[in-house]
Amino acid sequence: MLPRAIYEVLPSGYLSAGTGSMLLLEPWLAHVGGALLFCMGALVWVMRSNYRRFDKYKKSFARKSKAIPEPVYEFIPFLYLASSVLVLNLTFNTPALIVAALAGCRGLVLLYKRAQYRNRGLSPAN
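In this report, the structure presented in the accompanying data block is examined. (Residues numbered from 1 in each chain as written. Predicted model: local features only at pLDDT ≥ 70, side-chain atom pairs only at ≥ 80, totals over all residues. Heavy atoms only, no water.)

## Considerations on the nonpolar core
Defined as follows: Put simply, buried Ala, Val, Leu, Ile, Met, Phe, Trp, Tyr and Cys residues joined by side-chain atoms within 4.5 Å make one nonpolar core. Exposed residues in this analysis have more than 50% of their type's maximum accessible area, buried residues have under 20%, and partly exposed residues fall in between, with area computed by a 1.4 Å probe over protein chains only. Secondary structure elements follow DSSP: runs of H or I of four or more residues count as helices, runs of E of two or more count as strands, with numbering from the N terminus. Should any heavy atoms of two residues lie within 4.5 Å, those residues are counted as being in contact.
Counting nine residues, the largest nonpolar core is built from Leu15, Met22, Phe38, Ala42, Val46, Phe78, Leu81, Val85 and Leu111. Residue assignment for this core shows that the elements contributing at least two residues are α1 (4–24), α2 (28–51) and α4 (76–90). When near neighbours in sequence (up to four residues on either side) are disregarded, Phe78 contacts Leu15, Phe38, Ala42, Trp45, Val46 and Leu111.

In structure tokens form, the structure reads like this:
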């Protein structure tokens, strides 16, 4: 069994290792491996977050807008982060850096807001 300190950091480590692999390594196989690590980190994060929810919406999460299915909704912050990494990987000019920074910040803010709402029992609002 893993110590608690290591166990808690694993999803962040998967996300970081996947991002680093996609941005820093050259072969296409490194990009595929990085994308898989990133996806597994996001999956583990969402699974832990859903299991540890304390808010009253744990079983029946009633959003005002049901245009986005629940599984897709859970991964929106990670889609922002992945799009930021993808933009940085494809091109490296000033407008691309601005778009990547905005997408990355939006993803991090959403993750922070969800953690805050789920731990305190407030209703989520994006």
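Still more to cover.
## A few points about the side chain of Ser84
Among the structural elements, Ser84 can be located in helix α4. When neighbours within four sequence positions are excluded, Ser84 is seen to be in contact with Ala100, Ala103 and Gly104.

## Observations concerning the packing of α1 against α2
Put simply, the rule reads: Angular values range over 0 to 180 degrees, each being the angle between N-to-C directions of two axes fitted as lines to C-alpha atoms, with helices fitted over their stretch in contact. Should an angle fall under 35 degrees it is called roughly parallel, over 145 degrees roughly antiparallel, and 65 to 115 degrees roughly perpendicular, with every other angle called oblique. Put simply, a crossing is left-handed when the front helix is turned counterclockwise from the back one by less than a right angle, and right-handed when it is turned clockwise. Amino acid classes used here: Ala, Val, Leu, Ile, Met, Phe, Trp, Tyr, Cys and Pro are nonpolar; Asp, Glu, Lys and Arg are charged; the rest, including Gly, are polar.
Contact pair α1 / α2: the axes reach a minimum separation of 7 Å and the direction vectors enclose 155°. Taken together, the axes of α1 and α2 are roughly antiparallel relative to one another. Taken as a pair, α1 and α2 cross one another with a handedness that is left-handed. On α2, the residues touching Tyr7, Glu8, Leu10, Pro11, Ser12, Tyr14, Leu15, Ala17, Gly18, Thr19, Ser21 and Met22 of α1 are Ala30, His31, Gly34, Ala35, Leu37, Phe38, Gly41, Ala42, Val44, Trp45 and Arg48. Its residues assigned to classes, the contact of α1 with α2 shows 14 nonpolar, seven polar and two charged.

## Section: the environment of Leu25
Its place among the elements puts Leu25 in the loop between α1 and α2. Not counting residues up to four positions away in its chain, the partners in contact with Leu25 are Gly20, Ala30 and His31.

## Side note on α2
Formally: Here a helix's expected span is defined as the number of its residues, less one, multiplied by 1.5 Å.
An ideal rise of 1.5 Å per residue puts 34 Å on 24 residues; α2 measures up with 35 Å between its terminal C-alpha atoms. Among all positions of α2, only Ala30, Gly34, Phe38, Gly41, Ala42, Val46 and Arg48 are buried. In this structure, the buried side of α2 is in contact with α1, α3 (70–74) and α4.

## Side note on the environment of His31
Rules: Think of a polar contact as two N or O atoms within 3.5 Å of one another; within protein, one of them needs to be a possible hydrogen donor and the other a possible acceptor, and neighboring residues in sequence only count if both atoms come from side chains.
Turning to its location among the elements, His31 is positioned in helix α2. Through-space distance from the C-alpha of His31 to that of Gly18 is 8.2 Å; in sequence the pair is 13 residues apart. Among all residues touching His31, those that are not within four sequence positions of it are Met22, Leu25, Glu26 and Asn89. In terms of polar contacts, His31 uses its side chain to reach the side chain of Asn89, at 3.1 Å.

## Focus on the side chain of Arg114
Looking at the secondary structure, you find Arg114 in helix α5 (residues 94–120). There is a polar contact of 2.9 Å between the side chain of Arg114 and the backbone oxygen of Tyr73.

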